[in-house]
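# Commentary on secondary and tertiary structure
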Amino acid sequence: MSKIIIHKVAVLGAGVMGAQIAAHCANAEVSVVLFDLTAKDGDPSGIARRAIDGLKKLEPSPLATTDRVQYIEAANYDQHIDKLAGCDLIIEAIAEKLEWKLDLYHKVAPHIRADAIFATNTSGLSINKLAEGCPASLRPRFCGVHFFNPPRYMSLVELIPCHGTDAALLDQLETFLTTTLGKSVVRALDTPNFVANRVGVFSILAVMHHTQRLGLGFDEVDALTGPLIGRPKSATYRTADVVGLDTLAHVVKTMTDHLPDDPWAKYYATPDWLAALIAKGALGQKTKAGIYRKDGKQIKVLDLKLQDYRDSAGEVADEVAAILKNRNPAERFAQLRASQHPQAQFLWSIFRDVFHYVAVHLNHIAHNARDVDFAMRWGFGWSQGPFETWQAAGWKAIAEAVRDDVHAGRAMSDAPMPAWAFNVDGVHSPQGSYDSRSGVLQGRSTLPVYERQLFPERAFGELAEAEPGRTLWENDEVRMWTLDDEDGKHVPVLSFKSKMCAVGPVVLDGIIEAVHRAERDYAGLVIWQPTAPFSVGANLKQIRPVLETGDFVALEKIVARFQEMSQTIKYSQVPVIAAVQGMALGGGCEIVMHSTRAVCALESYIGLVEVGVGLIPAGGGCKEFAIRTAELASRTATNDPMLWLQNVFQTIAMANVSRSAKNAREMMLLRDHDIVIFNPHELLHVARKTALGIAAAGYRPRLPPAGVPVAGRGGIATLEMMLVNMREGGMISAHDYRVSKAVATALCGGDVENGTLVSEKWLLDIERSLFVELLHTEETKARLIHMLETGKPLRN
């Protein structure tokens, strides 16, 4: 089939999921028409319009920038159904009722273009039954595309064909989902609740069953089933509240209705206590009460024994905490199974029953074990999927333990362990992942889009290099390396080895050395970290000893070296690309600001946050903003940089961090020519290609500005007026005032007349002197030490 180009998307249904899917398409520069029923009163498209307006209030925000809403058009089926003809992809996202969906399909099918894709976002209804509601001519272009909530942040999309779906269409849709929307795709089978919800909801039901069996509190279970076992902080019951207790009950009902002969069928039911909450309208976070509720500042949790709420205070027993600290997974599971403590028995039971469940159902629910594990990682936020966890703990030992518990009647089901589980030593290997139907290992997808992922996520047991590529040069805290491919011959990569990629003197030396080596031997350089963050900024631990000895001469030399590093990047004779995902804070942000080009994943959180520890940006951040605002001002009739400096000042003085890479561009932390991509696994590929493209165009760095016109003392006075009002209103302390005035002074070029031309060196010298001056104050010292010791800012 010919190439499908998706210019415009229609989303049918402006509920929570539909509106957020529309928002994420708009984030990706895809225009959207959001449909819903015609409103009974007022604006006929009022339902869809209110949903669009509601996007601005949701947290975490589904919008990369607030202006994205202007690319979402509100529509209703009665007046605007002909707009479907202009859409290349139509995603149905109405309520999970088969008859409602089929009725809608009958209405919209005549208006869908002959080459457009029609997809349903159902979370578990049969794709083939839904396809039967489409005309025969539409079925080759119909499939399931199941996003997870919230769609912007959750990586997983399950792609489910019906019997007649065109294979080439699925490949192109997977490419669109992967690169344009930045999603991680699992091809799922048409079974109830597909892969992630099937396993994830069973896991929740198992937790609920064993919670009651062992008499544990909901808050106690959440303490056990969060980060301690590699699950999200919201654990189990808090997650249920966030998702919505009614939504959870609906997904459970899908299993109840469609899996009556399943070995675990008797557990596919909403517990009485949960049904009672739903009946009372206590649906979780959206109704401000569910399993948990908030009374003032106190979090309360439902206690089934008391039949009332009590203060939430769940804790993990010392004996169980000690077991969970054991880094050897085989020993850890053996100790949990052997322990008589109820919490240990609970943890062994929930893992055992999920292992049992996925072993029995692998051939029914997924193409291979990797799809199950990745679905749970990407859709439920588990650090490891169930098969990975099992394999890491010793495949045969766990298989035998599960079998023994099944035989002894301790498991939730008496379904026998499948024979295949005893015929293998694990399900993941460098050759692929196990498919229990065929008994062979399945390799990864060979779609061309995955060639862009130079380092895709690996399942436990797959071959993964301890360090990527071939080392060219390194010191204790950075490594310069390359891949032995065509691009790698010309563009090496620099990665940091320091904790959280923090920047200290050794990293500074390493960056400068790597740039010089790239200038000498290569066409460019990419600064990229194999895992987020890009960099949390200055390594305060390395600075603390110097600070405590009062060696301010040494401290000033460190700051000067930081500035030298920034300028080395900026004026490198080859392009230096900052490839960013996650946090790029403080000094990390300044590396980005000085790069030839930044290539950033959408979920990049960038900011100059130094004021949080009583300092100002002094690695060239203030200097760069002075230059950028002066350049913008030169294009206006008034030539007044204050039009931009006030916002920049607020950004730095409030330690604001971008909420996305696109938001960072609005904040002027990124430039118009910096690149934002949606799939972080494609970051290194795009960054290397960008470096090569810039080099091929005959790159030369811009010459230093002959003179930067600054706002001077008039600008400082204007910014200081904002501080006066905040101080008088009790919003900031005297030291906050001092730090923020230093920010204003650095941005405005110091105590000079408005419009004075100054050099980059002048601006850097001001930054550095103000930074060191603040280091002399007891308040800044206290803030630095408090941050080091607690990880939290101090207001003093």
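Residues numbered from 1 in each chain as written. Predicted model: local features only at pLDDT ≥ 70, side-chain atom pairs only at ≥ 80, totals over all residues. Heavy atoms only, no water.

## Things to note about the nonpolar core
Judged by nonpolar contacts, the single largest core of 125 residues is most densely connected at L34, L177 and F496. Per element, the largest residue contribution to this core is eight residues, and it comes from helix α27 (residues 734-748). Filtering out sequence-adjacent residues up to four positions away, F496 remains in contact with E477, V478, C501, V503, V507, I511, I527, Q529, F534, S535 and I591. Among the nonpolar cores identified, the runner-up in size contains 117 residues, and A131, I350, M412 and A415 belong to it. (Core = buried A, V, L, I, M, F, W, Y, C linked by side-chain atoms within 4.5 Å. Buried < 20%, exposed > 50% of the residue type's maximum accessible area, 1.4 Å probe, protein only. Helix = DSSP H or I, 4+ residues; strand = E, 2+ residues; numbered from the N terminus. Contact = heavy atoms within 4.5 Å.)

## Examining the sheet that holds strand β8 (residues 184-187)
Strand order in the open sheet formed by eight strands is β3-β2-β1-β4-β5-β6-β7-β8, and the pairing between neighbours is mixed. A strand with exactly one partner marks an edge of an open sheet, and here the two such strands are β3 (72-76) and β8. Averaged over all neighbouring strand pairs, the angle between strand axes comes to 25°, with direction disregarded. Taken together, the five bridges between strand β2 (residues 31-36) and β3 define a ladder with parallel strand orientation. Paired with V32 across the two strands is I72, which belongs to β3. (Pairing = 2+ DSSP bridges. Axes fitted to C-alpha atoms, helices over the stretch in contact; angles between N-to-C directions.)

## Description of the environment of A116
Mapped onto the secondary structure, A116 falls in the loop between α4 (98-108) and β5 (117-120). Taking the C-alpha atoms as reference points, A116 and F625, 509 residues apart in sequence, are found 46 Å from one another.

## Some words on the pattern of salt bridges
Here the structure, examined in full by the defined rule, presents 60 salt bridges. We note a salt bridge from D246 to K286, for which the minimum N-O separation is 2.9 Å. Pair noted here: D246 is in helix α10 (residues 245-258) and K286 is in the loop between α11 (272-279) and β9 (292-295), with a separation of 40 residues, a long-range link. In this structure, E778 and K781 form a salt bridge, with 3.4 Å as the shortest nitrogen-oxygen distance. Linking E778 with K781, this pair stays in helix α29 (residues 778-790), spanning three residues, or about one helical turn. Several salt bridges converge on common partners, so that one network encompasses R337, R352, D353, D405 and R410. (Salt bridge = Lys/Arg side-chain N within 4 Å of Asp/Glu carboxyl O.)

## Topic: the packing of helix α20 (residues 552-570) against helix α21 (residues 587-594)
The N-to-C vectors of α20 and α21 enclose an angle of 30°; their axes lie 8 Å apart at closest approach. Here α20 lies roughly parallel to α21, going by the angle between them. The handedness of the crossing between α20 and α21 is right-handed. Counting all contacts with α20, which are made through F562, M565, S566, Q567, I569 and K570, the residues of α21 involved are G587, E590, I591 and H594. (Parallel < 35°, antiparallel > 145°, perpendicular 65-115°, else oblique. Left-handed = near helix turned anticlockwise from the far one by under 90°.)

## Description of the pairing of strand β4 (residues 89-92)
In summary, the side chains of a regular strand alternate between the two faces of the sheet. Neither face of β4 is exposed, since L89 and I91 on one face and I90 and E92 on the opposite face are all buried. Sheet topology note: the strand β1 (residues 8-12)/β4 ladder contains four bridges and is parallel. Bridging from a neighbouring strand, A10 pairs with I90 of β4. Judged from the four bridges that link them, β4 and β5 form a sheet pairing that is parallel. If you follow I91 over to β5, its bridge partner there is A119. Assessed by its sense of winding, the connection that carries the chain from β4 through α4 to β5 is right-handed. (Right-handed = clockwise from strand over helix to strand, strands pointing away.)

## Digging into the side chain of H356
Mapped onto the secondary structure, H356 falls in helix α14 (residues 342-365). H356 gets classed as buried once you look at its relative accessible area, which sits at 0%.

## Side note on the sheet that holds strand β11 (residues 308-311)
Ordered in space as β9-β10-β11, the three strands form an open sheet in which the pairing is antiparallel. The outermost strands of the open sheet, each flanked by one partner alone, are β9 and β11. Shown here is a sheet whose adjacent strand axes are inclined to one another by a mean of 40°, direction ignored. Sheet topology note: the strand β10 (residues 298-303)/β11 ladder contains four bridges and is antiparallel.

## What to know about the pairing of strand β15 (residues 470-474)
Where β15 lies against strand β16 (residues 478-482), four bridges are found, and the strand directions are antiparallel. The residue bridging W473 from the neighbouring strand is M480, located in β16.

## Brief notes about the packing of aromatic side chains
A complete count under the given rule lists 25 aromatic pairs for this structure. Ring pairing ties together the aromatic residues F333, W348, F351, F355, F387, W390, W395, W420 and Y434, which thus form one cluster. Its end group placed over the ring of W100, K97 keeps NZ or CZ at 5.5 Å from the ring centre. We note R727 situated over the ring of Y737; from NZ or CZ to the ring centre the distance is 4.1 Å. (Phe/Tyr/Trp six-rings, centres within 6.5 Å; stacked < 30°, edge-to-face > 60°. Lys NZ or Arg CZ within 6 Å of the ring centre and 35° of its normal.)

## Some points on the packing of helix α23 (residues 642-653) against helix α26 (residues 712-728)
The geometry of α23 relative to α26 is characterised by a closest axis approach of 11 Å and an angle of 40° between their N-to-C directions. In terms of orientation, α23 and α26 fall into the oblique class. Judged by the twist between their axes, the crossing of α23 over α26 is right-handed. Contacts between α23 and α26 pair M642, L645, Q646, F649 and Q650 from the former with G715, T718, L719, M722 and L723 from the latter. A class-by-class count of the residues in the contact of α23 with α26 yields six nonpolar, four polar and no charged. (Nonpolar A, V, L, I, M, F, W, Y, C, P; charged D, E, K, R; others polar.)

## Observations regarding helix α1 (residues 16-27)
Between its terminal C-alpha atoms α1 stretches 17 Å, which fits the 16 Å expected from 12 residues at 1.5 Å a residue. Turning to α1, its buried residues number three or more, namely M17, G18, A19, Q20, I21, A22, A23, H24, C25, A26 and N27. Positive backbone phi, at 65°, marks E29, one or two positions downstream of α1. (Expected span 1.5 Å × (residues − 1).)

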